[in-house]
Structures are given as structure tokens and as C-alpha cells.
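# Understanding the architecture of this molecule
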Amino acid sequence: MQRRQFLLGSFAAAAGATAMRGAAAALKFGHRQANMVDDAGPAVFDLAKQIHGLSGVELQVYFKGTTLCDQATLAAYQRAAERTGLTIPSLAGVWPPGATLLQPTAEENLRNAIHAAESVHATTILAACFEQNCPNMDQEQSYGPVVALLQKVSGAARDAGVTIGMETSNAPADDRKLIDLVDRPSVKVYYDLDNVERYAHTGEAVPGIAILKDRIRQVHLKNEDRLLEEAGRVNWANAVKGLAAVGYTGWLVFETSHSGPQQCIEATRKNIAFVTNHYAS
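What this report covers is the structure whose coordinates are included nearby. Nothing here was measured: the structure is a model prediction, and the numbers come from that model.

What follows deals with the overall build of the protein. For the protein, the helix and strand inventory stands at eleven helices and ten strands. The C-alpha radius of gyration computed for the protein amounts to 19 Å, which stays within 12% of the reference 19 Å derived for 281 residues, consistent with globular compactness. When the backbone C-alpha atoms are referred to their principal axes, the protein occupies close to 70 × 45 × 35 Å. Counting every position in the protein, which comprises 281 residues, the buried fraction comes to 50%. Long-range pairs, those at least 24 residues apart, make up 77% of the contacts in the protein with a sequence separation of at least 6.

Listed below in C-alpha cells is the structure:
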């Protein structure tokens, strides 16, 4: 009996390890447009195509004087994605200059972003809200209107096959509170671990993965201008293992800073290898 139990346990462990390696191999990596190039334009896809393991580019709705609300611009990006065989997993930069989540134009801005995302087959939009533009989850008069707004636009997002990913300057527990109050499948968290630490929630980024779990729609990875393996605000080896532990297999989008195209290619290749190895370990 002991031998049989040992063998069964060994088989289970081997199967688990094989499944983890398979999940790591299936990870989807993207890179944020605004951190890859200085100029707007579909040539960003030609740069991304040179990075082995990268399969998507996160575009900006508003970037360098251009907007995906313009049909010609949107179509040019879509053609570039199709030509290079890459995906547009998500749209960031949804606020025009001067606009925020807390202004009366927020509903229109979100609806415009949802429409643009649907047009290029992106499944996520990133709705950023930081510091004074972020709801205070201790004050209902602050977060109540945001909850109502997100509930209002959630139907349009659902119908378009789009999820609104909230990227905030709040602690993970407050992000969870916001998403649970909205209580709509098409509204989740766009989790940026570096931002958690940057906005003074020291030591909460990695534990925050387990707090949020399936409320995480998408993840940003960054370490300023350094590789993920180098020291920074986040221990990325532990973060990747934390994502694996909760079964996260969604898009992982780099938001690292680069000094030029070749350095972007080389650094992103190294970062992809780093994440893949630690996810499977």
C-alpha cells in the first residue's frame, strides 16, 4: 500500500510539473506601444515581430497626437497587426489629454475606447486612475460614482467582447473592493505590481496576487529601465511564481523603458525567458 501511494504521488507530481511547463509555454506576452517607440505609427508591429516570444502589442487610444478614434489610423494599425501576424490584446491611453476617470466625459471616453477595441479585436481596455484621479475606497462619496459609471458601461463592454481593466494607485485590497462592488464580469483589475509599490503600498504587490486572484484581467511587467531579473521595487521571480500559483494564464504586457529598438529587442527577449522559466519552476 505504501509503495502504491508513493507511486501515485509521484505520478501526480510529475503530471503537475508537466502541466505547469505546458502553461508556461502557452503564456502570452505583449509590449506596450508607448514604451517601445517614440513615434506613433504601425511600424511598432515590425519592431515587435523581431522579438521572439512576443505575440502582441498594447496600443494607445491617444498617443503622440494620434487617436484610434480616427478610422483611418485604426485601420492602419489593424492592417499592420494582420501583416505581421501579431495580436492587439489591449488598448491603453483611453483618456484624451486632460481627461480622467472622475470627469463628466469619462463615460464617453470609455465607450469610445470600447468601440476602438472591438474594431481591432482587442479584448481589454486599460482604464488608469492614479492619486487624485483615483477613487478613495474609504469614502463612498468618492467611489460610489465610479462604481455606478463602471456598471453603466459594463454592458457595452460585454456586448463588444471587451473587459475594462482598472489600473489604480490603490492597494490590492481596495482594488478587490472596487471590483466586487461593481460586480460585473466585464470589469476587472489590470494589475501593475510596480505601481502598487510605487504608490507606497510597500510589500503588498506580490501578496496582492492572491488577494485579487481571478479578478486580475491582465498584468503589466516593468522594472523601469532594468531587466526583470535585476533588483527593483518588485521581486519579479516571486511575482511570477505567485501568478502561476493562482493559475493566471492571461496576457503579460511589458511596460519597461528602453534606450532604443535593438535594446528593446534584446531586453524583452531576456525578460520573456525570465518569466517563462520562473512560471514553470
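You will see that lysine 64, though not glycine, has its phi angle at about 55 degrees, which is positive. Mapping lysine 64 onto the fold places it in the loop between β3 (62-63) and β4 (66-67). Taking relative accessible area as the criterion, lysine 64 reaches 56% and is therefore assigned exposed. Phi is positive for histidine 121, close to 65 degrees, though the residue is something other than glycine. Here histidine 121 falls in the exposed class, since its relative accessible area comes to 58%.

A word on helix α4 (residues 71-84). Relative to the 20 Å expected for 14 residues at 1.5 Å per residue, α4 spans 20 Å between its end C-alpha atoms, a close match to the ideal helical length. Among all positions of α4, only Leu74, Tyr77, Gln78, Ala80, Ala81 and Thr84 are buried. Looking down the long axis of α4, one finds its buried residues gathered within 160 degrees of arc, a one-sided arrangement. Away from its buried face, by an angle of more than 90 degrees, α4 presents the exposed residues Ala72, Arg79, Glu82 and Arg83. Residues of α4 that are buried in the fold lie against α2 (33-36), α3 (44-49), β2 (54-60) and α5 (106-119). Backbone geometry just after α4 places glycine 85 at a positive phi near 75 degrees.

Looking at the element boundaries, histidine 278 is found in helix α11 (residues 261-280). Residue histidine 278 is classed as partly exposed on the basis of its relative accessible area of 21%. Along the backbone, histidine 278 and glycine 242 are 36 residues apart, and their C-alpha atoms lie at a distance of 9.8 Å. When sequence neighbours within four positions are dropped, the list of residues in contact with histidine 278 reads Ala237, Val240 and Lys241.

Here strand β9 (residues 216-221) lies mainly inside the structure; five of its six residues are buried. Examined bridge by bridge, strand β8 (residues 187-192) and β9 share four bridges and lie parallel to one another. Residue tyrosine 190 lies in a different strand from β9, and its bridge partner there is glutamine 218. With helix α10 (residues 236-245) bridging β9 and its parallel neighbour strand β10 (residues 251-254), the resulting β-α-β unit is right-handed.

Read around the closed barrel, the eight strands follow the order β1-β2-β5-β6-β7-β8-β9-β10; overall the barrel is parallel. Across this sheet, the average inter-strand angle for adjacent strands is 30 degrees, counted without regard to direction. Together, β7 (163-168) and β8 form the strand contacts of helix α7 (residues 172-182), whose direction differs from that of β8 by roughly 165 degrees. The sheet strands contacting α11 are β1 (28-32), β2, β9 and β10, and the helix crosses β1 at an angle near 145 degrees.

For the rest of this paragraph, the subject is the packing of aromatic side chains. Counted under the stated rule, the structure contains three aromatic pairs. Arranged with centres 5.5 Å apart and planes meeting at 20 degrees, the rings of phenylalanine 130 and tyrosine 199 form a pair that is stacked. Here tyrosine 199 lies in the loop between α8 (193-198) and α9 (205-212) and phenylalanine 130 lies in the loop between β6 (124-129) and α6 (140-160), a separation of 69 residues in the sequence. The exposure class of tyrosine 199 is buried, given its relative accessible area of 16%.

What follows deals with the pairing of β1. Counted residue by residue, β1 has four buried out of five residues, so it is predominantly covered. Taken together, the four bridges between β1 and β10 define a ladder with parallel strand orientation. Bridged to glycine 30 within β10 is valine 253. Sheet topology places β1 next to β2; four bridges connect them, and they run parallel. Bridging from a neighbouring strand, arginine 32 pairs with glutamate 58 of β2.

What counts, and at which threshold
- Residues numbered from 1 in each chain as written.
- Predicted model: local features only at pLDDT ≥ 70, side-chain atom pairs only at ≥ 80, totals over all residues.
- Heavy atoms only, no water.
- Helix = DSSP H or I, 4+ residues; strand = E, 2+ residues; numbered from the N terminus.
- Rg over C-alpha atoms; globule rule 2.2 N^0.38 Å.
- Buried < 20%, exposed > 50% of the residue type's maximum accessible area, 1.4 Å probe, protein only.
- Contact = heavy atoms within 4.5 Å.
- Expected span 1.5 Å × (residues − 1).
- Arc of directions from axis to C-beta.
- Pairing = 2+ DSSP bridges.
- Right-handed = clockwise from strand over helix to strand, strands pointing away.
- Axes fitted to C-alpha atoms, helices over the stretch in contact; angles between N-to-C directions.
- Phe/Tyr/Trp six-rings, centres within 6.5 Å; stacked < 30°, edge-to-face > 60°.

Note that every value here comes from positions in space, so none of it alone points to a role or purpose.
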